[in-house]
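This is what each chain is made of:
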Amino acid sequence: KVVGGGGAIEMEISRFLREYARQTKGKQQLVINYFARALEVIPMTLAQNSGADGTNILNQLRKKHAGSGTEGRWFGVDCINCAITDTFQDHIWEPIVVKESALSAATEAACLILSIDETVKNPQSEKPGGGMGKGRGKGMPGMGGGKGRGRGPRVFRR
């Protein structure tokens, strides 16, 4: 089994999530919209790497996916012609197993990051003027006094 490549499936999932987000309220709506926006990074990157105007391509894809119904679901980035195309018809395919595992791994990583509810704090940084360290900008001893001089001039002698 295959799905359309060129960011087509990411755009279709993004469209679906944005429609679903309109039915929800509160913080969940924000999270869903940000996840939908994150999926659009794939076609944007494909367009930019092929030399096309990424914003223009993304707007064309949004329009095609929103207005064309099921006929527009397979439209993605054509990296050769710097345009959009029906990726399924043009034989630009990706295995569905690869897409499922990539989306699953990315979603699990995002959920893991969001589930962290405690942050590590340095008690010294809570005090006024604290948390600055002892160096006061001088750097490590013997390293030029923190003046950003690097290794100095390179002089070659014969």
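Cut-offs applied
- Residues numbered from 1 in each chain as written.
- Predicted model: local features only at pLDDT ≥ 70, side-chain atom pairs only at ≥ 80, totals over all residues.
- Heavy atoms only, no water.
- Helix = DSSP H or I, 4+ residues; strand = E, 2+ residues; numbered from the N terminus.
- Buried < 20%, exposed > 50% of the residue type's maximum accessible area, 1.4 Å probe, protein only.
- Pairing = 2+ DSSP bridges.
- Salt bridge = Lys/Arg side-chain N within 4 Å of Asp/Glu carboxyl O.
- Core = buried A, V, L, I, M, F, W, Y, C linked by side-chain atoms within 4.5 Å.
- Contact = heavy atoms within 4.5 Å.
- Patch = residues over 30% accessible without salt bridge, like charges linked within 9 Å, V, L, I, M, F, W, Y side chains within 5 Å.
- Areas by Shrake-Rupley, 256 points an atom, 1.4 Å probe, with all protein chains shown as cover.
- Axes fitted to C-alpha atoms, helices over the stretch in contact; angles between N-to-C directions.
- Left-handed = near helix turned anticlockwise from the far one by under 90°.
- Nonpolar A, V, L, I, M, F, W, Y, C, P; charged D, E, K, R; others polar.

**Q** What am I meant to see in unusual backbone geometry here?
**A** With the exception of glycine, most residues fall at negative phi, and the peptide bonds are largely trans. Unusually for a residue other than glycine, Cys82 sits at a positive phi of about 50 degrees. Along the chain, Cys82 turns up in the loop between strand E2 (75-78) and strand E3 (83-86). The phi dihedral of His91 falls on the positive side, at around 60 degrees, and the residue is not glycine. Along the chain, the position of His91 falls in the loop between E3 and strand E4 (93-95). The exposed category is assigned to His91, whose relative accessible area is 59%.

**Q** Help me understand the pairing of E3, please; the structure alone is not making it clear to me.
**A** Moving residue by residue along a regular strand, the side chains alternate between the two faces of the sheet. The pairing of E2 with E3 spans four bridges and is classified as antiparallel. Of the residues in E3, the one forming a bridge with Val77 is Ile84. The loop that links E2 with its antiparallel partner E3 comprises four residues; one of these, Cys82, has a positive phi angle of about 50 degrees.

**Q** Whenever I open this one, the pattern of salt bridges confuses me. Can you help?
**A** For side chains bearing opposite charge, pairing can occur when the charged atoms are close. Tallied over the full model, the rule gives six salt bridges. In this structure, Glu40 engages Arg62 in a salt bridge whose closest nitrogen and oxygen atoms are separated by 2.5 Å. Here the residue Glu40 occupies a position in the loop between helix H2 (27-39) and helix H3 (41-49), and Arg62 occupies one in helix H4 (residues 54-67), the gap between them amounting to 22 residues. When its relative accessible area of 4% is taken as the criterion, Glu40 is described as buried. Among the residues examined, Arg62 registers a relative accessible area of 34% and is labelled partly exposed. A salt bridge links Glu94 to Lys99, with the nearest nitrogen and oxygen atoms 3.2 Å apart. A cluster of three or more residues bridged by salt bridges with shared partners is formed by Glu10, Glu94 and Lys99.

**Q** Even after reading the chapter, I still don't get the nonpolar core, so can you show me in this structure?
**A** The nonpolar side chains of a soluble globular protein tend to be buried, and buried together. Judged by nonpolar contacts, Met11, Met44, Ala47, Ala52, Ile57, Leu58, Leu61, Phe75 and Val77 together constitute the single largest core of nine residues. Only H3, H4 and E2 provide two or more residues apiece to this core. In terms of residue count, the dominant contributor to this core is H4 (three residues). If we skip the residues at most four places from it in the chain, Ile57 touches Ala47, Ala52, Val77, Cys82, Ala83 and Ile84. Counting residues in each nonpolar core, the second largest holds five residues, with Leu17, Ala21, Ile32 and Ala36 among its members.

**Q** Please clarify how a nonpolar patch on the surface should be interpreted in this entry.
**A** On the surface, Val2, Phe88 and Trp93 cluster together to form a nonpolar patch covering roughly 260 Å² of accessible area. When you line up the elements, Trp93 lands in strand E4. Overall, the relative accessible area of 42% leaves Trp93 in the partly exposed class.

**Q** Even after reading the chapter, I still don't get the packing of helix H1 (residues 8-21) against H4, so can you show me in this structure?
**A** Relative orientation and spacing of two packed helices are given, respectively, by the angle between their axes and the distance between those axes. Axis separation between H1 and H4 bottoms out at 10 Å; the angle between their running directions is 65 degrees. Crossing geometry of H1 relative to H4 is assigned as right-handed. On H4, the residues that touch Ala8, Met11, Glu12, Arg15 and Arg18 of H1 are Leu58, Leu61, Arg62, His65 and Ala66. Class assignment of the residues belonging to the contact of H1 with H4 gives a composition of five nonpolar, one polar and four charged.

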